[in-house]
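Spelled out from the first residue to the last, the chains are:
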Amino acid sequence: MTQSTLGSGIRLAVFDCDGTLVDGQHGIIEAMTEAFRAERMGDPEPASVRRIVGLPLAEAIVRLAPRADDRGRAAIGRQYRDAFKRLRQSGRHHEPLFPGAVAALDRLTEAGFQLGIATGKSRQGLQATLESHGLLRRFATLKTSDDGPGKPSPHMLFYAMADIGADPAATVMIGDTVFDMEMAQSARVASIGVAWGYHESAELAAAGAAAVAQNFGELPRLVEETMGRTSCVPVRF
């Protein structure tokens, strides 16, 4: 059937977290390195760890340790979760907001957008991150690795849109990895890449990004322009 792009009139902007809103790479790399060392494997390359940020943990470990068997990968996963928990509890884990993030969220809210997050983090981890920056109440829907299939599956976006009552044509996904862009493509949702994260701008464009923001200051304009381009295009299911 054909569904109007205007639908309910609700507009939804869904953000990735690590690499998009916050720079969480340092804790992820440290915890993954501890996990590999605990299992007496060589240290993973930091660049390789950054490449898998956003994927479900099990898939990330498959990519980082392709020669390990299922038991070994499961052990790395347990070690990673334990290491990350220790890091957070120690107070040494810092996830700074990228410059301009709060102002961009303000501008999108003022423009009438509902805000959401779709992330590979756990719900507990995401809530801790948002609370540390005073952002938790800004988001109307939070979708995490606890909610079902992870990126690049479209399910988190489906669930987020269902929470808000937003149509795909009135929804935009904002992220720093090809996994975000691929998730948006599968959900038939527009996507905007960000250049300050963990994948290259050219990769994001090739994966389907309608635009790539170079800084948070230009993101609200790009969101409005992207929504304008999709507002007259019917979405077929």
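Look above for the structure.
Remember, predicted model here, so these are calculated numbers, not experimental data.

(A) Seen up close, helix α6 (residues 123-132). Those residues of α6 lying buried are Gly125, Leu126, Thr129 and Leu130. Along the axis of α6, the buried positions cluster into a sector of 125°, meaning they face one direction only. The outward face of α6, more than 90 degrees from its buried face, is lined by the exposed residues Gln124, Glu131 and Ser132. Immediately downstream of α6, the backbone of glycine 134 shows phi near 65°, a positive value.

(B) Examining the packing of helix α3 (residues 57-64) against helix α4 (residues 70-90) more closely. Packing of α3 against α4 brings their axes to within 10 Å, and their N-to-C directions diverge by 120°. Crossing of α3 over α4 shows right-handed handedness. Residue-level contacts link Leu57, Ile61 and Val62 of α3 to Arg73, Ile76, Gly77, Tyr80 and Arg81 of α4. Taken together, the residues of the contact of α3 with α4 sort by class into 5 nonpolar, 1 polar and 2 charged.

(C) Spotlight on the pairing of strand β5 (residues 171-175). Of all 5 residues in β5, 5 are buried; the element is thus mostly enclosed. Across the two faces of β5 the burial is the same, with Thr171, Met173 and Gly175 and Val172 and Ile174 all buried. With 4 bridges connecting them, strand β2 (residues 11-15) and β5 associate as parallel partners. For valine 14, the partnering residue across the bridge sits in β5 and is methionine 173. Direction of pairing for β5 relative to strand β6 (residues 190-194): parallel, over a ladder of 4 bridges. Residue pairing across strands places isoleucine 174 opposite isoleucine 192, the latter belonging to β6. Each parallel crossover has a hand, and for β5 linked through helix α8 (residues 178-187) to β6 it is right-handed.

Analysis parameters
- Residues numbered from 1 in each chain as written.
- Predicted model: local features only at pLDDT ≥ 70, side-chain atom pairs only at ≥ 80, totals over all residues.
- Heavy atoms only, no water.
- Buried < 20%, exposed > 50% of the residue type's maximum accessible area, 1.4 Å probe, protein only.
- Helix = DSSP H or I, 4+ residues; strand = E, 2+ residues; numbered from the N terminus.
- Arc of directions from axis to C-beta.
- Axes fitted to C-alpha atoms, helices over the stretch in contact; angles between N-to-C directions.
- Left-handed = near helix turned anticlockwise from the far one by under 90°.
- Contact = heavy atoms within 4.5 Å.
- Nonpolar A, V, L, I, M, F, W, Y, C, P; charged D, E, K, R; others polar.
- Pairing = 2+ DSSP bridges.
- Right-handed = clockwise from strand over helix to strand, strands pointing away.

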